[in-house]
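In case you want the letters, here they are:
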Amino acid sequence: MPWGPLATLAKVALVAWILTYGLRRLFRCHVATAAAGVWLAALAYYGGLAPMLAVLLVAAAAMALGSLIVPKAWEGRAPLSVLAGLALISGIIGWLLPYQVHGHAVYLLALLLICVVRWRAMADILRPLPRAWSDVVGGAPRMALLAVMVVGVVSTCAWVPTIHYDDLAYHLGLPYQLDTLGYYRMDVGSRLWAVSAWAGDIVQGMAFVTAGADARGAVDALWLVLAVAGMWKLCEVLELNPGMRWLAVAIYASMPLTAGTLTGMQTEGPTAAVAVGAALLIAQTSVPDRRRLLTTALLFGLLLGLKVSNLMTIGPLGLWMLLRWWRDLPWRFAPVAAVCALAIAGSSYFYAYILTGNPTLPIFNGYFHSTYYAFANFHDDRWDTGLPWNILWKLVFDASDYAEASSGVAGFTLLALLGSLLVAITNRRARPLALVAALAFALPLTQIQYLRYAHPAMVLLVPAMLRGVPAGAGEWRYPRAAMVALVLLVLGNLAFVPNGDWQLRQGVLRQLTDKGATSVIDTYAPTRHLAEIIRRHYGDQARTLLVGDDYPFAAELAGNAFVVNWYDQQLAVQVDKARVDASGKTWLALFERTGVNLLILRDTDLTPALDAAIRQDRGVRVYKDGAFELWKLNPGIDGNAEPAPANAVIIGFDMASAPPHATLVHADVRLHCKVTDIPIVIGWNLAQAGGKSWTRYEWAKCLPTGMAEASLDVALPGRVTGFVVKAAPARPADLGLQLASAKASLRRDFAAERDLAKRFGNPVDMVKEWNHARLLARRAKR
């Protein structure tokens, strides 16, 4: 048992308890209501107010859209509307990812417009919620308080900044690219998983772009709220009493892996929320209509859009739907529903197939043979432990063999309520859900014995299990004893919550509350601090190479950084060669090939070969953060003064070494001048292959030091054949302009070459070309 982190959680819970009772006395509300307010305020404080407001806006817009499909009479209309709306929004954005139409203003206006247009429908959904909440809390106030406190305790995982390996290496890529570039590069060459199922990252991206900051914690909390809300309604369909419904929420939330879903951007949290929504729809519907079939199809599409392995959840749920609805299913509408499901799920699979030849890259590549990965099916054989007869026992007591976590990560629910599950299978009302949940839990384990992939099924298993507890349906003489036993189960699960993720076990929560988020990032993700420095000081045209295999954390540099582990199959091979070439020439060839001007490395990675390459490329260390260092490479070539008119300066650069590809141009010019109020016009003129040219003019002022400075950063789509800079006063005057220094760096734009989204073109440019052709045709007719 992790005593230190557990003590931290207990202290946080105690503070929340004290604040809860103070809030209750102030507002005279239910204790559970006051507790919910305290935990929401804590999430806003530690996770950020802007991200929380952005997530609320996304959820509100999703509810507004979903209400078009989910009518008033449905039970659980609020969570079902949000889920259906998220399916629609993520599906639409998924198809628009390669186009430069994304941005803060666009998202904010679109979300607000949806809310304004559908405000009446939103009001109809939200108006009865306070009364409904008061009623369900009043039905079992103690169990409601327990459930809210448990959800609040595990929500502390959402306070922590994003420091997970997979998030830094992959998941943050889509949100940062949408925010920085306005589109998604789909750069599979640099990030192997770039075109895998992306619905979860799209929701994260929407909140990120809307907030202008990382909103991971608030998004994870939204998925958990949707999961437990759907779970509560599912328990109601099973006719569990109010106390047992709240206990179901508490048991699921108290499981360590549930807490783990709040620490990163993995898909298990969203999968649980969507799966319980689909199960609720199927369970509460005996005679389906078109709307119910369409909503279920949207949720199935969202499940598949989250992860291809969710087919093992869709399968049991779909079979249950067919068996339950067979006689009354609107078969004529079924093809339309299927097409809608495919439209919601299909964007990542379509783009992946078009761009790489494998719709599930790198999975099943032994069949599809995409050149972006070895001709083999991707499989993590670390979790090929087999399925022994006592697998459930081992999942609980040897859980570290089945997850990247410590013992106790599974909690004790599987064993504690296994007998109740068997009883539930004998109950006619609970049998379908129990069998479906058991299948959804077992199927992923037959493919890979990795507990995290099976955990979303617990959101279905727990209600079925509790239906097998006689006290749940009022069928036992001693219901209080059963309640006490279940509360002890909750507490037992909570005791091992810190083992659900390394962040809690390492004491990240205590460091967060004591020293703040910056301290946590500096300790556990120092490359994030370096990435912030790069964005702030070196701009969008900087290209960075992360030298070590064990820190491929390039996602937040929006496709402008490269890694050397198996995420980048090409560079991994070249780096292996560079490490054994003592001359450093292979490293130099790698620098030239990728066009990098910055290196992130750990001091232990500075081998003689790498050191030789850095010295030959005139590299200098510009920043050090603990063991990590930031190096700047290749300051560029010097410019020369050329004959110029009076009072002007012309600077030319030798283009003999210019790369023959898409080019990144950086230049710095410093001029001697006389201090006056007359501005200096700086003209940047670049000639490109094929007779094209690029020109930009800007003003510079003569500083009190007697110097004027100007810089250029631009990415051009082809080779640069000529580069001239002209400087002259804005109006005739003798400013004594003289060249002090000029340097230009021209590097290969390797990121642009790997930008697969460019193959689809820019819709704005397409419209311009169409309009230009239309005007030419009209003139020709005249």
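Presented here is an overview of the structure given in this document. (Residues numbered from 1 in each chain as written. Predicted model: local features only at pLDDT ≥ 70, side-chain atom pairs only at ≥ 80, totals over all residues. Heavy atoms only, no water.)

### With respect to the overall build of the protein
The number of helices and strands found in the protein is 35 helices and 14 strands. Taken against the 2.2 N^0.38 rule, which gives 28 Å for 782 residues, the C-alpha radius of gyration of the protein at 30 Å falls within 12% of a compact globule. Oriented by its inertia axes, the alpha-carbon framework of the protein measures out at about 105 × 70 × 60 Å. Taken over 782 residues, the protein has a buried fraction of 57%. Restricting the contact set of the protein to residue pairs at least 6 apart, pairs at least 24 apart contribute 73%. Taking the average location of the 69 positive side-chain charges in the protein and that of its 54 negative ones, the two points are 10 Å from each other. (Helix = DSSP H or I, 4+ residues; strand = E, 2+ residues; numbered from the N terminus. Rg over C-alpha atoms; globule rule 2.2 N^0.38 Å. Buried < 20%, exposed > 50% of the residue type's maximum accessible area, 1.4 Å probe, protein only. Contact = heavy atoms within 4.5 Å. Lys, Arg positive; Asp, Glu negative; His and termini not counted. Charge placed at Lys NZ, Arg CZ, Asp CG, Glu CD.)

### Focus on the pattern of salt bridges
Scanning the model with the defined rule gives 32 salt bridges in all. Residue Lys 233 pairs with Glu 236 through a salt bridge whose shortest N-O separation is 2.6 Å. In this pair, Lys 233 and Glu 236 both sit in helix α12 (residues 216-237), 3 residues apart, roughly one turn of the helix. A relative accessible area of 28% places Glu 236 in the partly exposed class. Sharing partners across several salt bridges, the network here consists of Glu 75, Lys 233, Glu 236 and Arg 245. (Salt bridge = Lys/Arg side-chain N within 4 Å of Asp/Glu carboxyl O.)

### Quick notes on unusual backbone geometry
In this structure, Pro 362 follows Leu 361 across a cis peptide bond, with omega equal to 5°. The topology assignment puts Pro 362 in the loop between α18 (334-356) and α19 (365-368). Positioned with a positive phi, Asn 647 is a non-glycine residue whose angle comes to about 65°. Following the sequence through the fold, Asn 647 ends up in the loop between β7 (640-642) and β8 (649-653).

### Some words on empty space enclosed by the protein
Taken as a whole, this structure holds 5 cavities of 30 Å³ or more when the rule is applied. Contributing to the lining of the largest cavity are Ala 169, Ser 190, Arg 191, Pro 552, Ala 554, Ala 555, Gly 559, Asn 560, Ala 561, Phe 562 and Val 563. Among the residues forming the lining of the largest cavity, the class breakdown is 7 nonpolar, 3 polar and 1 charged. (1 Å grid on protein atoms, 1.4 Å probe; cavity = no way out; pocket = protein on both sides within 12 Å on 5 of 7 lines; lining within 4 Å. Points joined across faces, edges and corners; volume = space filled by probe spheres on them. Nonpolar A, V, L, I, M, F, W, Y, C, P; charged D, E, K, R; others polar.)

### Description of helix α2 (residues 31-47)
Between its first and last C-alpha atoms α2 spans 24 Å; for 17 residues at 1.5 Å apiece the expected length is 24 Å, and the two agree. Inspection of α2 places Val 31, Ala 32, Ala 34, Ala 35, Val 38, Trp 39, Ala 42, Leu 43 and Ala 44 among the buried residues, and these make up the whole buried set. Buried positions along α2 lie against α1 (3-27), α3 (49-66), α7 (129-139), α8 (141-155) and α12. Phi turns positive, to about 105°, at Gly 48, one or two residues after α2. (Expected span 1.5 Å × (residues − 1).)

### Let's talk about the state of the cysteines
Using the criterion set out here, one finds 1 disulfide in the structure. Bridging Cys 673 to Cys 702, the disulfide has an S-S length of 2.0 Å. Around the S-S axis, the bridge from Cys 673 to Cys 702 shows a dihedral of about 95° and counts as right-handed. One end of the pair, Cys 673, is in the loop between β9 (663-672) and β10 (680-688); the other, Cys 702, is in the loop between β11 (693-700) and β12 (707-716), with 29 residues separating them in the sequence. (Disulfide = S-S within 2.5 Å.)

### Regarding the environment of Thr 162
Along the chain, Thr 162 falls in the loop between α8 and α9 (165-171). Linking Thr 162 and Lys 307, residues 145 residues apart in sequence, is a C-alpha distance of 21 Å. Residues within four places of Thr 162 in sequence aside, it is in contact with Asp 167, Leu 168, Leu 172, Asp 214, Arg 216 and Arg 528. Among the polar contacts made by the side chain of Thr 162, one reaches the side chain of Asp 214 at a distance of 2.6 Å. A polar contact is formed between the side chain of Thr 162 and the side chain of Arg 216, at a distance of 3.1 Å. (Polar contact = N/O pair within 3.5 Å; in protein donor to acceptor, adjacent residues only side chain to side chain.)

### Some words on a nonpolar patch on the surface
On the surface, Leu 14, Trp 17, Ile 18 and Tyr 21 cluster together into a nonpolar patch covering about 400 Å² of accessible area. Looking at where Trp 17 falls in the secondary structure, it is placed in helix α1. (Patch = residues over 30% accessible without salt bridge, like charges linked within 9 Å, V, L, I, M, F, W, Y side chains within 5 Å. Areas by Shrake-Rupley, 256 points an atom, 1.4 Å probe, with all protein chains shown as cover.)

### Notes on the packing of helix α22 (residues 418-425) against helix α23 (residues 431-447)
The N-to-C vectors of α22 and α23 enclose an angle of 130°; their axes lie 7 Å apart at closest approach. Taken together, the axes of α22 and α23 are oblique relative to one another. Residues Leu 421, Ala 424 and Ile 425 of α22 form the contact with α23, whose participating residues are Arg 431, Ala 434 and Leu 435. (Axes fitted to C-alpha atoms, helices over the stretch in contact; angles between N-to-C directions. Parallel < 35°, antiparallel > 145°, perpendicular 65-115°, else oblique.)

### Remarks on the pairing of β10
Counting buried residues in β10 gives 7 out of 9 residues, a clear majority hidden from the surface. Relative to β11, β10 runs antiparallel, the two being bridged by 8 bridges. Among the inter-strand pairings, Gly 683 is bridged to a residue of β11, identified as Tyr 697. The antiparallel hairpin formed by β10 and β11 contains 4 residues in its connecting segment, where Gly 690 sits at a positive phi of about 90°. (Pairing = 2+ DSSP bridges.)

### Looking at the environment of Pro 51
Tracing the chain through its elements places Pro 51 in helix α3. Residue class for Pro 51 comes out buried when judged on its relative accessible area of 7%. Taking the C-alpha atoms as reference points, Pro 51 and Trp 587, separated by 536 residues in sequence, lie 41 Å from one another. Dropping the residues within four chain positions of it, Pro 51 is found in contact with Ala 211, Asp 214, Ala 215 and Ala 218.

### Focus: the sheet that holds β7
Sheet architecture is open: 5 strands sit in the order β7-β8-β13-β10-β11, paired in antiparallel fashion. Looking at which strands have only one partner, the edges of the open sheet turn out to be β7 and β11. Ignoring strand direction, the axes of neighbouring strands in this sheet form an average angle of 25°.

### Overview of the packing of aromatic side chains
Inspection of every chain in the model, using the stated rule, returns 32 aromatic pairs. Where Trp 326 meets Trp 331, the ring centres are 5.1 Å apart and the plane angle is 75°; that geometry is what we call edge-to-face. By relative accessible area, which is 53% here, Trp 326 ends up exposed. Judged by its relative accessible area of 44%, Trp 331 is partly exposed. Among the aromatic residues, those joined into a ring-pair cluster are Trp 95, Tyr 184, Trp 198, Phe 350, Tyr 351 and Phe 760. (Phe/Tyr/Trp six-rings, centres within 6.5 Å; stacked < 30°, edge-to-face > 60°.)

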